[in-house]
2 protein chains.
Amino acid sequence: MAFEEQRSVQAPPALRAIVSTVIFTLKAGQLQVCLSARHSPASLPETAVSASQSLEDAAKEQIFQLTGHADAYLQQLYTFDMDAHSGNTLTVAWFALIAADKLATAEHADANWVDVLDMPQLSPRHSDIISYALQRLRYKIEYSAVAFELLPEAFTLRELQDAYMIILNDFRLDKANFRKKIREAQILEEIDQYRETRGRPARLYRFRDDAQLETKARRFFP
Amino acid sequence: MAFEEQRSVQAPPALRAIVSTVIFTLKAGQLQVCLSARHSPASLPETAVSASQSLEDAAKEQIFQLTGHADAYLQQLYTFDMDAHSGNTLTVAWFALIAADKLATAEHADANWVDVLDMPQLSPRHSDIISYALQRLRYKIEYSAVAFELLPEAFTLRELQDAYMIILNDFRLDKANFRKKIREAQILEEIDQYRETRGRPARLYRFRDDAQLETKARRFFP
DNA sequence: ACAAAAGTGTTGGGACTACACCCATGT
DNA sequence: ACATGGGTGTAGTCCCAACACTTTTGT
């Protein structure tokens, strides 16, 4: 290979790669992130990538070990570099979304769920990764329908709206307009069930199988 | 470290990481990509990442070797995995933008610039990377002002509009409306110079130092 | 009857599209 | 004078935020 390095007899220092996944869920009215309880201080999960495994499989396995579920929504975020200490280690960061009702509770004591708006102290690297994941998530729900990945199979429009407001940390969404937009997007279908509330019962909806997950981007610059 | 692997006496197979940059420029009315002329068949540039160098520096060096310039706009794209053949090699893909007037011409014969809409046959991996880079570039110019990275210091509004149309491969942009939007964005300042044309001379503009590169995202879902 | 929450209709203003028009230069 | 391309104004349309309103349930 043209760019291969010529080193002396000694083998070159091997590169290491780590996978770290920011797993989000929606619980207790908060957007929560899964930290690894194995370490102290708290940290994101870290798994060394073996040569025989794909990055995505490594991330999936990491999610499975922490949540007991392997079918979370998963997307690659960014690959971070060496910082002051890590030398020649690459961190491939991912983010994942999983609905709270899928989380097995008692087992998986390794998982430590914390409010993304009230995190314990982390290493700067891990803080950066989580901030970036949050930014990407916020960005993403504005042009696609991924918020559903955080809700149970059946949900009310109010719950969907709450999900948006919690993720965006902005509680000024107008109910009527929100509903209109969701209706027009044609991504939901009604269920013949209702959720009991303190007032009028709320109709339940589910996400349509054939829904278009990504709305086409509308140009706004220029 | 908790996740470190326990292997036998033999060292684990080392991971390799490669940096590949999709370098775009705007030349001859085309959006062009830089391929490496050293290989045949044609391919994206590939540089092995050494343990002592950051990924970004490796990408910058790659750009310098092909273009003679190191200050291109640079952004990480995605990290690809092993495919059928590559075994345990990670490819960290980047994309870069460089204005055509900065490209030194005679030297750097390694660089082979080709129209992104009329590429030679490449490996599937490299085709994927370029398609993805193009998609990200198109996406990006709709909410930020990176198109300027592909233009010379001074340019006319028509040239800017052409840049948009070429990148988007959509030539239906309305002149008047385009100008209005650019004006409102307040990212340009006039220069007291004009470009000769076959008709009325065109005013030259330059990008404002204090301009806001990213316009705030407007929500369109929901 | 009233509180609480679901659910809908209307309206005024702002943004975008389409298109017509004017301006400055060379031949 | 006219061709060429730069540069601008405007009217109609569509979209959207704000807000008021109706409906259905429990107490």
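Below is a short write-up of the structure.

Conventions used here
Residues numbered from 1 in each chain as written. Chains lettered and ligands numbered in written order. Predicted model: local features only at pLDDT ≥ 70, side-chain atom pairs only at ≥ 80, totals over all residues. Heavy atoms only, no water. Pairing = 2+ DSSP bridges. Helix = DSSP H or I, 4+ residues; strand = E, 2+ residues; numbered from the N terminus. Near = heavy atom within 4 Å. Polar contact = N/O pair within 3.5 Å; in protein donor to acceptor, adjacent residues only side chain to side chain. Nonpolar A, V, L, I, M, F, W, Y, C, P; charged D, E, K, R; others polar. Buried < 20%, exposed > 50% of the residue type's maximum accessible area, 1.4 Å probe, protein only. Phe/Tyr/Trp six-rings, centres within 6.5 Å; stacked < 30°, edge-to-face > 60°. Salt bridge = Lys/Arg side-chain N within 4 Å of Asp/Glu carboxyl O.

**A word on the sheet that holds strand β7 (residues 154–155) of chain B**
Note on sheets: strands pair through backbone hydrogen bonds, and any given pair is parallel or antiparallel.
All names here are of chain B.
Link 1 in the chain: Reading across from one edge, β7-β9-β8 is the order of the three strands in this open sheet, with antiparallel pairing throughout. This sheet does not close on itself; its edge strands, each paired only once, are β7 and β8 (188–195).
Link 2 in the chain: Note: β8 against strand β9 (residues 202–207), five bridges, orientation antiparallel. Following the sheet pairing, glutamate 190 is matched in β9 by tyrosine 205.

**Quick word on the protein's contact with DNA strand C**
Link 1 in the chain: Inspection of the region around DNA strand C gives 21 residues, with Lys175, Lys180, Arg198 and Arg203 of chain A together with Asn177 of chain B positioned closest.
Link 2 in the chain: Atoms of DNA strand C within 4 Å of the protein: sugar and phosphate make up 50%, bases the balance.
Link 3 in the chain: Within the contact set of DNA strand C, a phosphate oxygen lies 2.9 Å away from a side-chain nitrogen or oxygen of arginine 198 of chain A.
Link 4 in the chain: At five residues, the largest contribution of residues to the surface near DNA strand C is made by helix α4 (residues 175–185) of chain A.
Link 5 in the chain: Per-class residue counts for the surface near DNA strand C are five nonpolar, three polar and 13 charged.

**Description of the pairing of strand β1 (residues 16–27) of chain B**
Residues and elements named next belong to chain B.
Link 1 in the chain: The buried count for β1 comes to ten of twelve residues, which makes it a mostly enclosed element.
Link 2 in the chain: Across nine bridges, β1 lies against strand β5 (residues 89–97) in parallel orientation. Bridged to threonine 21 within β5 is tryptophan 94.
Link 3 in the chain: Two elements, β1 and strand β3 (residues 47–48), share two bridges in a ladder whose sense is antiparallel. Bridging from a neighbouring strand, valine 19 pairs with threonine 47 of β3.
Link 4 in the chain: In terms of strand pairing, β1 meets strand β2 (residues 30–36) through four bridges, oriented antiparallel. Residue pairing in the sheet places phenylalanine 24 in a bridge with valine 33 of β2.
Link 5 in the chain: Connecting β1 to the next strand, β2, in antiparallel fashion are two residues, including alanine 28 with a positive phi near 55 degrees.

**Side note on the packing of aromatic side chains**
The way to describe two aromatic rings as a pair is by their centre distance and the angle between their planes.
Link 1 in the chain: Under the defined criterion, the tally for this structure stands at 18 aromatic pairs over all chains.
Link 2 in the chain: Here phenylalanine 148 of chain A and phenylalanine 207 of chain A contribute two aromatic rings whose centre-to-centre distance is 4.3 Å and whose plane-to-plane angle is 25 degrees, an arrangement assigned as stacked. Linking phenylalanine 148 of chain A in the loop between α2 (124–141) and β7 (154–155) with phenylalanine 207 of chain A in strand β9 (residues 202–207), this pair joins segments that are 59 residues apart in sequence.
Link 3 in the chain: Its relative accessible area of 8% is what places phenylalanine 148 of chain A among the buried residues.
Link 4 in the chain: The structure contains a cluster of three or more aromatic residues connected by ring pairs, namely Tyr139 and Tyr143 of chain A together with Tyr139 and Tyr143 of chain B.

**A word on the pattern of salt bridges**
Link 1 in the chain: Applying the stated criterion across every chain, the model contains 20 salt bridges over all chains.
Link 2 in the chain: The shortest N-O distance in the salt bridge between lysine 60 of chain B and glutamate 56 of chain B comes to 3.7 Å. With a gap of four residues between them, lysine 60 of chain B and glutamate 56 of chain B both fall in helix α1 (residues 55–67), about one helical turn apart.
Link 3 in the chain: Residue classification places glutamate 56 of chain B among the partly exposed positions, given a relative accessible area of 35%.
Link 4 in the chain: Counted as one network, the salt bridges with shared partners bring together Glu190, Asp192 and Arg203 of chain A.

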